[in-house]
Amino acid sequence: MGDGTLGTKIGTMLSRLLPLGDPLIIALGFLLAFKLRYGKEIPLYNWEPFIAVLPWMCIGTVALFAALGMYERRVYGLSQLVGLSALGIIGVAMLTITVTFWLREFAFPRSVILIAMPIQIALICLWRAAIWKLRPLLAGGRQLLIVGTAHEAGKLVCDLNEKMSGGWFMAKEFITPDQLAKLPGVLARMDAVLVSSSLTREEKAAVLEVSLDAGKEVFVVPDMYDILLNRGRLISMSDLPVVQVQNMGLSTAQAFVKRSFDLGLAITGLFFSLPLFIICASAIKLTSPGPVIYKQKRVGFWGRNFYLYKFRTMVDKAEEITGPVLSVDQDPRVIRVGRFLRASRLDELPQLINILKGDMSLVGPRPERPFFVHQFADIIPDYYRRHIVRPGLTGLAQIYGKYSTTPEDKLRYDLYYIKNYSLALDFKIILRTLPILIDGNNARGSSPNNCNWLANGKMPCEK
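Parameters and conventions
- Residues numbered from 1 in each chain as written.
- Predicted model: local features only at pLDDT ≥ 70, side-chain atom pairs only at ≥ 80, totals over all residues.
- Heavy atoms only, no water.
- Helix = DSSP H or I, 4+ residues; strand = E, 2+ residues; numbered from the N terminus.
- Buried < 20%, exposed > 50% of the residue type's maximum accessible area, 1.4 Å probe, protein only.
- Areas by Shrake-Rupley, 256 points an atom, 1.4 Å probe, with all protein chains shown as cover.
- Phe/Tyr/Trp six-rings, centres within 6.5 Å; stacked < 30°, edge-to-face > 60°.
- Lys NZ or Arg CZ within 6 Å of the ring centre and 35° of its normal.
- Patch = residues over 30% accessible without salt bridge, like charges linked within 9 Å, V, L, I, M, F, W, Y side chains within 5 Å.
- Salt bridge = Lys/Arg side-chain N within 4 Å of Asp/Glu carboxyl O.
- Expected span 1.5 Å × (residues − 1).
- Arc of directions from axis to C-beta.
- Pairing = 2+ DSSP bridges.
- Polar contact = N/O pair within 3.5 Å; in protein donor to acceptor, adjacent residues only side chain to side chain.
- Contact = heavy atoms within 4.5 Å.

Caption draft 1: Representation of the overall build of the protein chain in the model. On a plain count of helices and strands, the protein chain comes out with 19 helices and ten strands. Looking at the protein chain residue by residue over its 463 residues, the buried ones come to 45%. Only carbon and sulfur atoms are counted for the fraction: they give 65% of the accessible area of the protein chain, which is about 23200 Å².

Structural data, given as structure tokens:
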């Protein structure tokens, strides 16, 4: 089972089992709920609506779980798994109610839906845990070969092995492009290849050709050139095939639709979150002296500064002594209730007001402080390109990264979002933000290595 190709095939097979098994588990949950509700004899009057709704429910389950990111190649902790499954099952219950109304199948008992929910959550959790446990036993662990300069590839090995613990890959070895050609046996033992952004165009092309010919799964860390070419349009110039590179940014029509979308959801969000505003404000006021709302200068649209609003999570005037510094994991300045507000992202609620004012959007690059923007721009080329759209309450970097993700990697997410903007992508990001609210690990502050990166212009694991 140690063969890399076999490991890849087994991993792919197990990945495909998830969307095949989920609808069956949802149906099984409803069947058990019917049995608990009616006993051995289920009334045909109530059973027939279930059969009519079942095909739509199966399709909707897979679509909803996919939108929530439940088929991505990652392994969640227990609390994350339970919370994510609960979100998915709540969505399935709402979908079921909607479809029964649409098909006029009103005899589908609402009591069965309520009874089924905890059963389905438990079954979905057990199903996923079984797949995740089975994968390394059958595939022997999927191994990732990193190709890059010795300096960059070595850093990626230590960084990925730390971040992907328990995930789909283990960064096993690193190698330079020259070594890859001389040592084909190394590639044969691997399941996948990660190509570093530090390589030249010619080196990347050579690595891709060798890896794809060997039947390996290939991943590339994009640089600015790769992102700019993304979604380029192939046209003919005379008889010469050329790729037309689209300019980054939103068209006038896209900007209007996005702003209308922001206003509608921000007004709705403020209305429904009013009780949370009262609870959070009261908790801060009762446990820590100082103002409830914290106001901080950030860099926004086209580089203009604005004041961002948050519920205060640190002691009052925390930076008067230290000056502007990145928050770190276990930061002593964070108040007790502030840790919960950060972990649940409730501290961000007042930014709905920023969205109404036009300072921010629901989705976009997270706004950063001017002090750090100037430092990042000195270290990272093209950093200012993230300001050609309004900053967001959430974004790609928030759903795929963490507070501790390096600024360079966050920029890659931000630029990819700007280049590929669509209203559908905004919906997807908003939906996938929901699981982040139950994942406290994503809300931790920057690691010491990340702060050293800012000071030294170096990435984590780099000495």
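Caption draft 2: Summary view of the packing of aromatic side chains. In total, this model carries 19 aromatic pairs according to the counting rule given. Summarising the aromatic geometry, the rings of Phe-376 and Tyr-383 are spaced 5.4 Å apart at their centres and angled 55 degrees between planes, so their arrangement reads as tilted. Looking at Phe-376, the relative accessible area reads 3%, which means it is buried. With a relative accessible area of 4%, Tyr-383 lands in the buried category. Three or more aromatic residues link up through ring pairs in this structure, and these residues are Phe-30, Phe-34, Tyr-38, Trp-47, Phe-50 and Phe-108. Sitting over the ring of Tyr-38, Arg-37 keeps its end group 4.6 Å from the ring centre. Above the face of the Phe-101 ring, Arg-104 is positioned so that its terminal group lies 5.1 Å from the ring centre.

Caption draft 3: Spatial organisation of a nonpolar patch on the surface. A cluster of nonpolar residues, Tyr-225, Leu-229, Leu-234, Val-243 and Val-245, forms a patch on the protein surface that exposes about 470 Å² of accessible area. Position of Leu-229 relative to the elements: it lies in helix H9 (residues 224-229). For Leu-229, a relative accessible area of 33% translates into the label partly exposed.

Caption draft 4: Quick look at helix H8 (residues 201-213). Given a rise of 1.5 Å per residue, 13 residues ought to cover 18 Å, and the 18 Å separating the end C-alpha atoms of H8 matches this to within 8%. Within H8, burial applies to Lys-204, Val-207 and Ser-211. The arc that holds every buried residue of H8, seen down its axis, measures 65 degrees, which confines them to one face. Residues Glu-202, Glu-209 and Asp-213 are exposed on H8 and point more than 90 degrees away from its buried face. Phi turns positive one or two residues past the end of H8, at Gly-215, with a value near 75 degrees.

Caption draft 5: Layout of the pairing of strand S8 (residues 305-311). Most of S8 sits out of view: five of its seven residues are buried. Following strand S7 (residues 293-299), the chain reverses through five residues before pairing antiparallel with S8; Trp-302 in that reversal takes a positive phi of roughly 55 degrees.

Caption draft 6: How the structure looks around the side chain of Asp-347. Along the polypeptide, Asp-347 turns up in the loop between helix H13 (336-344) and helix H14 (351-357). Classification of Asp-347 by relative accessible area gives buried; the value is 0%. Among the polar contacts listed, one links the side chain of Asp-347 to the side chain of Lys-310, at a separation of 3.5 Å. Setting aside anything within four residues of it in sequence, one finds Asp-347 in contact with Lys-310, Phe-311, Thr-313, Leu-341 and Arg-342.

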